[in-house]
Amino acid sequence: MRIIVLGGGVVGVTTAYQLQKDGHEVVLLEKNPQVADETSWGNAGMIAPGHSFVWSSPKAPMILLKSLFLKDQALRFRLSADPRLYAWSWRFLLECTADKAKRNTLLKHRLAAYSQAVLREVIGAEDIAREDLAYDRNDRGILYFHRSQQALDAGIANMRLLESDGQLIKVLDRDEVVALDPALGHAREKIAGAIWCPTDETGDPAKFTRALAAIVARRGGEIRTGTAIVGLETSGDAVTGVRTGAGTVKGDAYVLAMGTASAGLARTVGIALPIYPIKGYSLTIPIGGQPRPPALGSVDEHNLVAISRFGDRIRVTATAEFAGYDKSHTPSDFAFMKRVTQELYPEGADYGRAEMWAGLRPMTPTNLPFFGRRHLGNLYLNTGHGHIGWTMSHGSARITADLIAGRAPAIPVDGLVA
Ligand SMILES: Cc1cc2nc3c(=O)[nH]c(=O)nc-3n(C[C@H](O)[C@H](O)[C@H](O)COP(=O)(O)OP(=O)(O)OC[C@H]3O[C@@H](n4cnc5c(N)ncnc54)[C@H](O)[C@@H]3O)c2cc1C
């Protein structure tokens, strides 16, 4: 089949790769001059099944409410004139019961763990040379650390849910944390201990996505960058073409993978996708000869700051903000995350040379992505990957390829496929 993939973030590119592997002719359409230029550019790069907890938890309503009145929260909920914010928030609140949070977290963990296995297949594939897919991978695990014993105990109790689903965890006291990453030595007294997920990993998602797109192109796939999608053409219960600034592109099947823009396009053909942008911020900082860069990824669970080591750089991310589709930022947005990182790793990077970025997580109320088809028989959804879309992209791409082939995916997808 000739399959048109709409969107060139990590979800679109991994989908194009898996479809091509199945023998399809693929054409990927991306509006930017290169792939992975939006949310897939500046994220924390964590491949983190150990971070699969959904945001729609019983604690979330109170956190949202408090954020209306308090400044400097990791979460910034703001009232706005956008009715879609309220429709989305209502659906999000309905997911916040203990039962639903548990169910959604387990579904998400299953997808994340499967996705990591698919990623390992991709990077280990015999027909892919290591240097063709270099993305500053660090497979030493991720440290989820807490600043008080009480928070650590609560974190461990929480983590038992993922452990019951196969997640490997190790509880470390502060000395063991520092032994694992001596770069945290300065912060020893600030850390009560950590949950180390030794199988979690990190890597630069944009480097990966661009390298994988180059592989797809080399194998005969078309990666049409600089091609803005303006609409879908339909006839009866099928899509017949994608209207772009450079004409209409036709295929036998279509995959919608446009991140936060998916909802708007789907709406034009009568498909309601509750995907709302939740903004996050990141800093990319060169190590620049500093003597004690982080040895592995970490999450400061108290401040909700995530730090990854990408070769000779570190990536720091924080904040979940409701700001519509606005991606603007000012230096003050980064002051807190920079201070936290600098306190933790004072000799970890050249903090004066930090590059600032903001992007939009394509969040769904359940925190699970959309797969499968609705009333248009040849339009497949693979979108809404929220806060761990780099983690879930590889498995999601494989599942999408399986659905298109009419094959049963390798993991149960009940509760995932529309
Ligand atoms: C601060 C932050 C930290 C994060 N940290 C992590 C992490 O550590 N681990 C993790 O797993 N995930 C993380 N995420 C989430 C992850 O980045 C996203 O889930 C993922 O990048 C979504 O990928 P995507 O391909 O769906 O979206 P995108 O990367 O946004 O791709 C969608 C593509 O569609 C294109 N497009 C849109 N409209 C059109 C159009 N009209 N025509 C043509 N093309 C169009 C866009 O240009 C874009 O390239 C983080 C996100 C943020 C914001």
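These numbers were taken from a predicted model, which means no experiment stands behind them.

Trainee: Mind showing me how you'd approach the pattern of salt bridges here?
Mentor: Two side chains with opposite charge may pair up if their charged atoms get near one another. Throughout the structure, instances matching the rule amount to 26 salt bridges. A salt bridge links arginine 292 to glutamate 347, with the shortest nitrogen-to-oxygen separation between them at 3.6 Å. One end of the pair, arginine 292, is in the loop between β14 (276–286) and β15 (297–300); the other, glutamate 347, is in the loop between α10 (335–344) and β18 (355–363), and 55 residues separate them in sequence. Take glutamate 347: its relative accessible area is 28%, and that puts it in the partly exposed class. Where salt bridges share partners, they join Asp136, Asp204, Lys207, Asp312 and Arg313 into one cluster.

Trainee: Even after reading the chapter, I still don't get the sheet that holds strand β11 (residues 238–244), so can you show me in this structure?
Mentor: In space, the three strands of this open sheet follow the order β10-β11-β12, with antiparallel pairing throughout. The two strands at the open ends of the sheet, each matched to only one other strand, are β10 (229–235) and β12 (247–249). Between one strand axis and the next, the sheet turns through 30 degrees on average, direction left out of account. Where β10 meets β11, six bridges bridge the pair, whose relative direction is antiparallel.

Trainee: What exactly am I supposed to notice about helix α4 (residues 83–94) here?
Mentor: In an α-helix, one turn spans 3.6 residues, which is why side chains three or four residues apart end up on the same side. With 12 residues, α4 should reach 16 Å at 1.5 Å per residue; the first-to-last C-alpha distance of 17 Å fits that figure. Taken together, the buried positions of α4 are occupied by Leu85, Trp88, Ser89 and Phe92. Buried residues along α4 cover an arc of 100 degrees about the axis, so they all sit on one side. In α4, those exposed residues whose orientation departs by more than 90 degrees from the buried face are Pro83 and Trp90. Contacts from the buried residues of α4 go to α3 (60–67), β14 and β18.

Trainee: Would you explain the site of the ligand in this entry?
Mentor: Around the ligand, the structure places 34 residues, and the nearest of them are Glu30, Ser40, Asn43, Gly386 and Thr391. Between the ligand and the protein, one listed contact pairs an oxygen atom with a backbone N or O atom of glycine 9 at 3.5 Å. Computed on the free molecule, the ligand has an accessible area of 1000 Å², of which 95% lies beneath the protein chains in the complex. Taken together, the elements giving at least two residues each to the shell around the ligand come down to α1 (10–21), α2 (39–42), β14, β18 and α11 (389–405). Among the elements that make up the shell around the ligand, the one with the highest residue count is α11 (three residues). Of the residues assigned to the shell around the ligand, the class counts are 12 nonpolar, 18 polar and four charged.

Trainee: What exactly am I supposed to notice about the packing of aromatic side chains here?
Mentor: What describes a pair of aromatic rings is the distance from one ring centre to the other and the angle between the planes of the rings. All told, the structure shown has nine aromatic pairs when counted by the stated rule. Ring centres of tyrosine 135 and tryptophan 390 lie 5.9 Å apart, and the angle between their planes is 85 degrees; this geometry places the pair in the edge-to-face category. Of this pair, tyrosine 135 sits in the loop between α5 (98–124) and β5 (142–146) while tryptophan 390 sits in helix α11, and the two are 255 residues apart along the sequence. In this pair, the class of tyrosine 135 matches that of tryptophan 390, namely buried. Members of the aromatic cluster, connected to one another through ring pairs, are Phe77, Trp88, Phe92, Tyr276 and Phe322. Above the ring of tryptophan 41, the side-chain terminus of arginine 315 is found at 4.9 Å from the ring centroid.

Rules used in this analysis
Residues numbered from 1 in each chain as written. Predicted model: local features only at pLDDT ≥ 70, side-chain atom pairs only at ≥ 80, totals over all residues. Heavy atoms only, no water. Salt bridge = Lys/Arg side-chain N within 4 Å of Asp/Glu carboxyl O. Helix = DSSP H or I, 4+ residues; strand = E, 2+ residues; numbered from the N terminus. Buried < 20%, exposed > 50% of the residue type's maximum accessible area, 1.4 Å probe, protein only. Pairing = 2+ DSSP bridges. Axes fitted to C-alpha atoms, helices over the stretch in contact; angles between N-to-C directions. Expected span 1.5 Å × (residues − 1). Arc of directions from axis to C-beta. Contact = heavy atoms within 4.5 Å. Near = heavy atom within 4 Å. Polar contact = N/O pair within 3.5 Å; in protein donor to acceptor, adjacent residues only side chain to side chain. Areas by Shrake-Rupley, 256 points an atom, 1.4 Å probe, with all protein chains shown as cover. Nonpolar A, V, L, I, M, F, W, Y, C, P; charged D, E, K, R; others polar. Phe/Tyr/Trp six-rings, centres within 6.5 Å; stacked < 30°, edge-to-face > 60°. Lys NZ or Arg CZ within 6 Å of the ring centre and 35° of its normal.

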